[in-house]
Amino acid sequence: MSAPQRARRFDLPEADAFTRRYWDAAAEGRLLVRRCRACERAHHYPREFCPHCWSEDVDWEPASGRATLYTWSVVHRNDLPPFGERTPYVAAVVDLAEGPRMMTEIVECGDAGRLRAGTELSVAFRDGVPVFRPAG
């Protein structure tokens, strides 16, 4: 008889050959974005081409870790492990200082009712995944 299977976690990414550099950096506490050398615009989520001009001349660069809150929702119920243990939590979209928008979670925000669009945020990492918290 085999050992019991561990519960599947839906909050941890499965890196592939292309995204491994991104996830390895995140595991080290560094946030990366992709920047196009043709049009000079940054983008996120990581992809092999620029979504703005379709150039394949893109490369990784360190992000500042600064962002502002664009929109958010407080999640009170989620049955997928381990989200149920975290409820309520704040799912959000943030504007990175480099320009792109990113889906994430807001942590260490106390009363989520006090969040406002434009709130300044800084990156933090949980289990190698970037999350954001109010700056300051």
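Our structure's up above, just so we're on the same page.
Undergrad: I'd like a description of the overall build of the protein, backed by residues and values.
TA: When you go through the protein residue by residue, the secondary structure sums to 2 helices and 8 strands. Reading the helices (α) and strands (β) of the protein from amino to carboxyl end gives α-β-β-β-β-α-β-β-β-β. With respect to the three principal axes, the spread of C-alpha positions in the protein is 50 × 50 × 25 Å. Taking all contacts inside the protein whose residues are at least 6 apart in sequence as the whole, residues at least 24 apart take part in 52%. As displayed, the protein offers around 8,700 Å² of accessible surface, 48% of which is attributable to carbon and sulfur atoms. For the protein, the distance from the average site of its 19 positive side-chain charges to the average site of its 20 negative ones is 2 Å.

Undergrad: If you had to explain the pattern of salt bridges to someone new, which residues and values would you point to?
TA: One pass over the full model with this rule turns up 9 salt bridges. In this structure, the salt-bridge partner of Asp 11 is Arg 86, at a minimum N-O distance of 2.6 Å. Here Asp 11, found in the segment before helix 1 (20-27), pairs with Arg 86, found in helix 2 (residues 83-86); they are 75 residues apart in sequence, far enough to count as distant. Using a relative accessible area of 19% as the deciding quantity, one classes Arg 86 as buried. Close ionic contact of Arg 30 with Glu 28 constitutes a salt bridge, the shortest N to O distance being 2.8 Å. Relative accessible area serves as the criterion here: at 41%, Arg 30 is assigned to the partly exposed category.

Undergrad: With reference to specific residues and values, describe the side chain of Glu 105.
TA: The residue Glu 105 is located in strand 6 (residues 101-106) in this model. Only 2.6 Å separates the side chain of Glu 105 from the side chain of Arg 126, close enough to count as a polar contact. Discounting residues that sit within four places of it in the chain, Glu 105 has contacts with Arg 86, Tyr 89, Val 90, Arg 126, Val 131 and Phe 132.

Undergrad: Give a detailed account of the sheet that holds strand 3 (residues 58-62), specifying residues and quantitative values.
TA: Working definition: the strands of a sheet are paired by backbone hydrogen bonds and lie parallel or antiparallel to each other. The antiparallel open sheet is built from 3 strands, whose spatial order is 2-1-3. Lying at the two open borders of the sheet, with one neighbouring strand each, are strand 2 (42-43) and strand 3. Pairing analysis gives 2 bridges linking strand 1 (residues 32-36) to strand 2, with the strands arranged antiparallel. Bridge assignment links Arg 35 to a residue of strand 2, and that residue is Ala 42.

Undergrad: If you had to explain the nonpolar core to someone new, which residues and values would you point to?
TA: Residues Leu 31, Val 94, Leu 96, Ile 106 and Phe 132 are the most contacted members of the largest nonpolar core, which totals 22 residues. Breaking this core down by element, the ones donating at least two residues are helix 1, strand 1, strand 4 (66-75), strand 5 (89-96), strand 6 and strand 7 (120-126). Tallying contributions element by element places strand 5 first for this core, with 4 residues. If we ignore the near neighbours within four places in the chain, the residues touching Leu 96 are Leu 31, Val 33, His 44, Arg 66, Ala 67, Met 102 and Phe 132.

Cut-offs used in this document
- Residues numbered from 1 in each chain as written.
- Predicted model: local features only at pLDDT ≥ 70, side-chain atom pairs only at ≥ 80, totals over all residues.
- Heavy atoms only, no water.
- Helix = DSSP H or I, 4+ residues; strand = E, 2+ residues; numbered from the N terminus.
- Contact = heavy atoms within 4.5 Å.
- Areas by Shrake-Rupley, 256 points an atom, 1.4 Å probe, with all protein chains shown as cover.
- Lys, Arg positive; Asp, Glu negative; His and termini not counted.
- Charge placed at Lys NZ, Arg CZ, Asp CG, Glu CD.
- Salt bridge = Lys/Arg side-chain N within 4 Å of Asp/Glu carboxyl O.
- Buried < 20%, exposed > 50% of the residue type's maximum accessible area, 1.4 Å probe, protein only.
- Polar contact = N/O pair within 3.5 Å; in protein donor to acceptor, adjacent residues only side chain to side chain.
- Pairing = 2+ DSSP bridges.
- Core = buried A, V, L, I, M, F, W, Y, C linked by side-chain atoms within 4.5 Å.

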